[in-house]
Every structure is written in structure tokens, then in C-alpha cells.
Amino acid sequence: MTETEVFLQQVIYGLSNGMIIALVALGYTMVYGIVELINFAHGDVFTLGGFLALTVVGALGAAAILDPNTLGDSSHWMLLVGLVLTAGVFCGFLNVAIDKVVYKPLRRAPKLTQLVAAIGVSFILVNLALFWGGAPMEVFGGGNAAAASKDFPEILEGSNLLGEDSNVVLRLEDVAIFAITIPLMIGLTLFVNRTRLGRGMRATAQNPVAARLMGINTDRVISATFLIGGFLGGAASVMWAIYNNTISFQMGFRAGMDAFTAAVLGGIGSLPGAMIGGVLIGLIRAMSDQYIETRWTNVVVFGVLILILVFRPSGLLGLKQREKV
Amino acid sequence: MKNLLARVALALAGSVTPALSAADSVKIVSSLPRTGSANAQTTSMVNGIKMAIAEVGGKIGDATILYEDWDDASPQRGNWDPAVEAQNADKAIADATVVAYIGTYNSGAAKISMPKLNTAGIVMVSPANTASGLTKAGLGEANEPAVYRPTGKINYFRVVPTDDVQGAVAADYAKEIGIKKVFILNDREVYGKGVAGAFENRAREIGLEIVGTDGLDAKSSNYKSLVTKIKQAGADLVYFGGTTQTNAGQLAKDIVSGGLKAKLIVPDGCYENAFIEAAGAKALQDRCFITFGGVDPKLLKGKGAEFYENYKKAYKADPEGYAVYGYECAKAILAAMDRVQKAGGKIDRASVLAEVGKTKDFQGALGTWSFDENGDTTNRIFSVNTVKNGEFATVKVVQ
């Protein structure tokens, strides 16, 4: 492999991984923007999305739909879109339910109480995934060891789009990540900037009391935020599953950590910030794996984060805000 | 239900008159990761231990042998947890009836309980620790193994061959199948680093070219970027010192999806069905080799074959690779207790510890073996396995 090929390959991997991180990061940043809560359970909502996707694939009969001879034809793209929607809707409503049951009663409680509640929810969801991975998954053919990583079947054809002889590998799954993530991000931006509910969100983020005085139903806005954030997390979990071909009950931990870092890097509360932060972290990881050493990658990622926060405490695109009292 | 009531009554009676129960019954405990993906493996090992105790009717002379199955993992880690392992060791020390401690599964966990149990004089027999430094000087950290033996006496024994041997077996096999250039990875844990280091030393000796080494992050979502680097280095073999729990399955997948046409060799930490489940059989077939300090349970001979048959009868399933080691640990401890009993002694911590250390030419399921002066087994059988049609298949047995 020549240096250029290596670089190109790392850019592809960096962007693909980064896009997934960015989708998860949007969930953190949106919720933070509206209710100023770092929703630590978000990563685990993402995990459950992956479990649902594998259960659906198993229930549909992986062998029948995943016949290698038909891999890559349009029915698989339909399946993929179907999985994204199913997992997205599931995670969206799960997120709303968590908000209603746990966060809403604590809305006026000290921030620390809410944070601890979020960590608690995170633990509950991890254990739920652990349970789901056992007997229920066995029924649907996803393996039987509860805590083992589970093999997620290939939904898209795995051959190299640049030709089998090419040193650079570009697969349909990379393309699928772009094809699904970018429209979702554009859609979200349009939604927030152009619709009535989106305007309500921006208003609530700026000043919830004033927004309520202006007649905005902030409860509805908050629910919508959790719904959309959860939906993006669910979509990301399916992307993750087809990209890594693995799901595990701990997948949300690392994804959540990376995504949260991305949200802070980009400026928490800022949508374009989360997208850029996610892609940046993906790229930094890939480049560090290649040009430094894998064992230093986490050090590099958090080193960059600290550097950026030293010079721009509110993140890359974050706005300077007055401390709320 | 009656059984439960009886047990509760027994427990209550025990707590009221501890002196009486201490005289009549002794306890063996095991500390293994029961939460997490090693669970299938450890369940099989616990079954092995229970079988060994059942074979002596749960009694040595007048003493009743009780057994407790402890977990040293936590759900948050999905793997062994240093805090839980420390708790287990303290719990064993505090319970005067505990005379033997079977464990641990992970070498890193052993580091925590070894000095504690050494001070308390409780014998510890591991069915699965393979890190060389735990018992042998010069192969691990500078202060090993003395740091695990504050009293200067040896209380830690193991029935599995160590990583210095295992790494060398893997390197020899690599040479045998015509490998020229290797890229060596480890998971940055005690076990993984140890076995990868042993592989590296042997590879240099026999003239394999080492084109790179790195330590990977076990929680990473994928290793595609790392695989690209390995591809650029031109390796035709990746050696990974790690376990299923430290993401060996994902690495195997990414080697395939990254278009790297190299073989993969992994150590015995991956010799469990969870590894095949995690990696997917397709990513392993004809490409991945797993070394293991022993042989496929189906290929055991003599008492080992008996063990295999009895296990299948009792649990209606094939034992995992390490089940027989759990069984052998318990057998060695029970045999030591029996010798104490026959010599007219009292079964307690000191007498059991002394007798386990004297285990010599023991005729067990793993063949005839002894504990050497470091507490290691003299057993040196290794097998190299691959995956065929979703199952482990032995390709070579090394004596």
C-alpha cells in the first residue's frame, strides 16, 4: 500500500466511524441544549436499539432474508431502512418514556440529582440489555451467552466497491452510513430551523421561562427533543451494527463516551457542533491509530479535547453563555 | 421447598454454633467471572468442580465438603473486577471454614487475591491462570513472584501450563505453516501482554520477522484503522495476546472486512464458544488458530475420557475447554484432604496447604503430573485448534 492509499483508507474509516459518533452526539447535545441535562442513559438507549435490530433480523429469519446470493439487491436496502426506522422509533419512545418517568419529576431538582438519576437509568438499561442478550435472544437465534458480543449478520454485500484488487477498501456499509446519516442531519437542521416546533425548541433552549410566557408548550418541546434524540441514537445503533457486525451490551459505553466527547468538543448545545465534533473524533482516532500507535489513541483524543477547551472553553461552535444562576 | 427450609435451618444452626460446624465441615470456594461472556466457560468449570466433589460423596472421612461458587466479575465491567476479587479473598479469609480457594480465571485477578491468601495461609489452586510471572521469576515484572508471597511460602498452585510455553508453541506453529512476517498485538492486560511477549521472544529466536507491535483498546468499537496499518506493514500473521472479553472477536472480523489476507493466532483465552459466537464462524474458518494448554475434551484419554463421558451424562452438554481444569483443581485438593485424613490429621488450612504442595505423580484427568517447586504443573500438553463449521477442531497436539 502506498502512503496515499493508506491515508485515503484512514479517511474513509475515520469518516464512517465519525458519522456514527456524530449521530449519537446529536442526542446528547439536543437534550442538553433544552433541559441542561447530560443524559448519561443515552448511550444505553443506543445499545437497546442495536438489540432490537438483531432481534428483528432474527425474527424475520436471518437465513431466509440474508441469502448470500441476493445480498446487495434492493430488498436489503429496504430491510436496512426498515431497521433504522424500527430501532429509531423504539429508541425515540424509550427516551421519551425515560424522560416522563424519571427526569420530568426531577426537572426542578438540583442538577446533581438529575445527573445521578441519569447514571442510575444507564445502569438499569445496561442490565436490561444483559438480560435481553440471554434467553430472549436465544429464541431469535442471536446466540445464547448473555454477555457475549453478538454477531450481527451482514445485511449489505461485503465486497470491495473499488474492485477486489484495490488496496483501498470501500464497502457498501461505508456508503450506507453516508447515505443515511447525511440526510438525517440535513433533515434535522431543516426541522429545527424551519418548522414551528423547531422554533419552539430554539426558544426553549434560549430561555424556557420566556418561551412559556410566549405561549410555547415547553413540555411538548421537551418530549419532541427526547423523541428526536432517541430516534437518531436508534438509527446510529443500526449503522453501528451493520458497520461492526457486532453488538454487545457494552456497546453504548464506548459509543456514549465518544459521542459525549464529540458534543463537548463541538460545543454542547450546538447541533452543527455535535456533527463536526463526531466526525473530527472519528478522524483523529483513525489518524492516531495509523500514524501514532493504537495504544495512544485515547490519550490523543482527550488531549485534543483538553487543548480545544483550554483555548475555546465553550467548544468549537459553542456560544459564550452567561452562567445561569 | 423442604430442601430450602432444611438448608435455612442448617445455616441458622451453623451460625448459632460455629465451633461445631467448623469441626464437621470444611469449605472449598471458587472465585471465577460468572457475569460476562466468560460465563459459559466458567459455568462449565463450576460443573467440573461439583462433579469432583460429588464423586467423593461430598465427604472426606467424617468431614463434609461444602462448596460455594463465587463471582469475581461485575455487570459494569462484563469481566473480572478488581474490587470484587479483593472482596472474595477477604470473605474467604474471614470464614474460618474455608480451607481451599479455587481461582482465578484471569491472571490479573490472581495478582489481587494471591498476597491476601498467602498471608492467611489458604491454599489457592487456579484452573486457568497462565501468566508466567505469577510463579516464575524473570518472566514478568521485576518484583514477581516474590510480591505475591509476603510470607515467603508458596500457597499458589496451578494445573495449567504457563504462557511462556504457550507463546512459544504458537510461534513454532506459525513457522511450521510458513509464516514470515508477524504483527504482534496485546490487550494491555497481564495475561495478554505476557503471552504476546512470550510469542515475541520465541519468534525472534526462530527467525520470524516482527513488522510491528501494538496494544489495542479492548472497548474500541472496531479495529479497521489498525488493520490498515497492519496491511501496510505487510504482515502475513497477526498474533493477538488477548481474550474473547478483550474483543478478539471484533479484531478477527475487522481483519476480514479490512481485506487483510493474514492468518490470526490467539491464545487459550479465546478457546471458548463465546469467541466463535462473537467473531462469527465465517471470519475464523481456515484463518484463525487458537492455542490451548491441553486438548479438546473429546480427545482426553483415560480418566479424562471418563470425565468427558460423566460430564455429558450429568449436564447433557459438552464441557468447555476449561471444565476439566476446574475438575482437576478440585480433585487435587480433595486428594490432599484425603491424605491428611488418612494420616490421622485434622483437615484445616495448614494441613491442606501442606499436602497440596506435596502433590506428586497425580493420576488425574489430565494425565500424570506433579506440582513443581514453583507451584506449577509439570503437565506440558498443548494443542493448536482452528474453527471448522462453527466448531473448534484440533489441528495439532504438542507434547
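No experiment lies behind these values; they were computed from the predicted model shown.

Calculation criteria
- Numbers given to residues run from 1 along each chain, matching the order in which its sequence is written.
- To label them, take the chains in the order written and letter them from A, then take the ligands in the order written and number them from 1.
- Whole-chain, interface and lining totals are the exception, using all residues; otherwise, since this is a predicted model, local features are given only for residues with pLDDT of at least 70 and side-chain atom pairs are given and counted only at 80 or more.
- Labels follow the DSSP assignment, with helices taken as runs of H or I lasting at least four residues and strands as runs of E lasting at least two, numbered in each case from the N terminus.
- Radius of gyration here uses only the C-alpha atoms, and the compact-globule reference equals 2.2 Å multiplied by the residue count raised to the power 0.38.
- Any residue surrounded by 20 or more other C-beta atoms within 10 Å of its C-beta is treated as buried, while 12 or fewer makes it exposed and the intermediate range makes it partly exposed; C-beta atoms here are placed from the backbone.
- Note that contacts rest on C-beta atoms placed from the backbone: two residues are in contact if these are within 7 Å.
- By the convention adopted, Pro, Cys, Tyr, Trp, Phe, Met, Ile, Leu, Val and Ala count as nonpolar, Lys, Arg, Asp and Glu as charged, and the other residues, Gly among them, as polar.
- Domain start and stop points were drawn from an automatic or database domain assignment.
- Expected helix span is given by 1.5 Å per residue-to-residue step, counting one fewer step than there are residues.
- Here, any two strands with at least 2 DSSP bridges between them count as paired.
- Axes here mean lines fitted to C-alpha atoms, for a helix over just the part in contact, with angles spanning 0 to 180 degrees between N-to-C directions.
- Confidence of the prediction at every residue is given by pLDDT, a number between 0 and 100.
- What sets the label is the angle itself: under 35 degrees gives roughly parallel, over 145 gives roughly antiparallel, 65 to 115 gives roughly perpendicular, and the rest give oblique.
- Two helices that cross are described as forming a left-handed crossing if the nearer one is turned anticlockwise from the farther one by less than a right angle, and a right-handed crossing if clockwise.
- By convention the nonpolar core is taken to be a set of buried residues drawn from Ala, Val, Leu, Ile, Met, Phe, Trp, Tyr and Cys and joined through C-beta atoms within 7 Å.

On to the overall build of chain A, then. Along the backbone of chain A there are 13 helices and two strands. In summary, chain A has a C-alpha radius of gyration of 20 Å against a globular reference of 20 Å for 325 residues, a match within 12%. Taken over the C-alpha atoms alone, chain A extends approximately 60 × 45 × 35 Å along its principal axes. For chain A, with 325 residues in total, the buried portion stands at 50%. For chain A, contacts bridging at least 24 residues in sequence account for 77% of all contacts bridging at least 6.

The next subject is the overall build of chain B. Along the backbone of chain B there are 14 helices and 17 strands. By the compact-globule yardstick of 21 Å for 399 residues, chain B fits well, its C-alpha radius of gyration being 21 Å. Viewed in the frame of its principal axes, chain B has a C-alpha envelope of about 70 × 45 × 40 Å. Out of the 399 residues in chain B, the part that is buried amounts to 58%. The long-range share in chain B, meaning contacts at least 24 apart out of those at least 6 apart in sequence, stands at 74%.

Our next topic: the interface of chain A and chain B. On the side of chain B, 33 residues touch chain A, which itself brings 37 residues to the contact. Taken together, the elements giving at least two residues each to the side of chain A that touches chain B come down to helix 1 (3–35), helix 5 (111–132), helix 10 (218–244), helix 11 (251–266), helix 12 (271–291) and helix 13 (297–311) of chain A. Among the elements that line the side of chain A that touches chain B, the one with the most residues is helix 1 of chain A, at five residues. Taken together, the residues of the side of chain A that touches chain B sort by class into 15 nonpolar, 16 polar and six charged.

Turning our attention to the domain arrangement of chain B. All names here are of chain B. On domain assignment, one finds that chain B holds domain 1 (24–161 + 300–369) and domain 2 (163–292). Contacts between domain 1 and domain 2 engage 20 residues on the former and 18 residues on the latter. Here the element with the most residues in the side of domain 1 that touches domain 2 is helix 5 (residues 107–120); it accounts for three residues. Tallied by class, the residues present in the side of domain 1 that touches domain 2 amount to five nonpolar, 13 polar and two charged.

This part is about helix 6 (residues 163–176) of chain B. All names here are of chain B. A rise of 1.5 Å per residue sets the reference length of helix 6, with its 14 residues, at 20 Å; its end C-alpha atoms lie 19 Å apart and thus fit the reference within 8%. In terms of burial, helix 6 is a largely internal element, ten of the 14 residues being buried. By the burial criterion, the buried members of helix 6 are Asp163, Asp164, Val165, Gln166, Gly167, Ala168, Val169, Ala170, Ala171 and Ala174. Among the residues trailing helix 6, glycine 178 stands out with phi positive, at a value near 85 degrees.

A few words now on helix 10 of chain A. Residues and elements named next belong to chain A. With 27 residues, helix 10 extends 38 Å between its outermost C-alpha atoms, agreeing within 8% with the 39 Å of an ideal straight helix rising 1.5 Å per residue. Among the 27 residues that make up helix 10, 22 are buried, leaving the element largely enclosed by the rest of the structure. After helix 10 finishes, the residue asparagine 245 shows a positive phi value of roughly 55 degrees.

Now for the sheet that holds strand 7 (residues 123–126) of chain B. Residue and element names in this part refer to chain B. Taken together, the six strands give an open sheet; going across it, the order is 2-3-1-6-7-8, and neighbouring strands pair in mixed fashion. Looking along the sheet, the strands with just one partner apiece sit at the ends: strand 2 (59–60) and strand 8 (156–158). Pairing of strand 1 (residues 25–32) with strand 6 (residues 98–103), which is carried by five bridges, proceeds in the parallel orientation. When the bridges of strand 6 are listed, serine 30 appears paired with isoleucine 102. Those strands touched by helix 4 (residues 82–94) are strand 1, strand 3 (63–71) and strand 6, and its axis lies near 175 degrees from that of strand 1.

Moving on, we get to the pairing of strand 17 (residues 391–398) of chain B. Summarising the sheet, strand 16 (residues 382–388) of chain B and strand 17 of chain B pair through seven bridges and their orientation is antiparallel. In the strand pairing of strand 17 of chain B, Asn385(B) is matched with Thr394(B).

A few words on the confidence of the model for chain B. Residue and element names in this part refer to chain B. Here chain B averages 89 in pLDDT, while 94% of its residues score no lower than 70. Ignoring residues within four places in sequence, the model shows residues 8–22, a span with pLDDT below 50, making four contacts including any to other chains. Taken together, the chains of this predicted complex give a pTM of 0.83 and an interface ipTM of 0.90.

Here the focus is the environment of Ala109(B). Residue and element names in this part refer to chain B. You can see alanine 109 is positioned in helix 5. Remark: the alpha-carbon pair of alanine 109 and aspartate 72, spanning 37 residues in sequence, is separated by 8.3 Å. With residues up to four places along the chain from it excluded, the contact list for alanine 109 reads Asp72, Trp80, Glu85 and Thr104.

Before going further, it helps to examine the pairing of strand 13 (residues 288–292) of chain B. Most of strand 13 of chain B sits inside the fold, with five of its five residues counted as buried. Both faces of strand 13 of chain B are covered, namely the face carrying Cys288(B), Ile290(B) and Phe292(B) and the face carrying Phe289(B) and Thr291(B).

Before going further, it helps to spend a moment on the environment of Ala224(A). With respect to the secondary-structure elements, Ala224(A) resides in helix 10. C-alpha of Ala224(A) to C-alpha of Ala53(A): the two residues are 171 residues apart in sequence and 23 Å apart in space.

Time to look at the packing of helix 12 of chain A against helix 8 (residues 224–233) of chain B. In the contact formed by helix 12 of chain A and helix 8 of chain B, the axes pass within 8 Å of each other and the chain directions differ by 30 degrees. When the axis of helix 12 of chain A is compared with that of helix 8 of chain B, the two are roughly parallel. Considering only the axes of helix 12 of chain A and helix 8 of chain B, their crossing is right-handed. On helix 8 of chain B, the residues touching Arg285(A), Ala286(A), Asp289(A) and Gln290(A) of helix 12 of chain A are Ser225(B), Leu226(B), Thr228(B) and Lys229(B).

Moving on: the nonpolar core. In this structure, Leu23(A), Ala235(A), Met239(A), Val125(B), Tyr239(B), Ile333(B) and Val352(B) are the most contacted members of the largest nonpolar core, which totals 209 residues. When residues in this core are grouped by element, the largest group, 15 residues, is from helix 10 of chain A. When sequence neighbours within four positions are dropped, the list of residues in contact with Val125(B) reads Ala100(B), Ile102(B), Phe157(B), Arg158(B), Val159(B), Cys329(B), Ala332(B), Ile333(B) and Val356(B).

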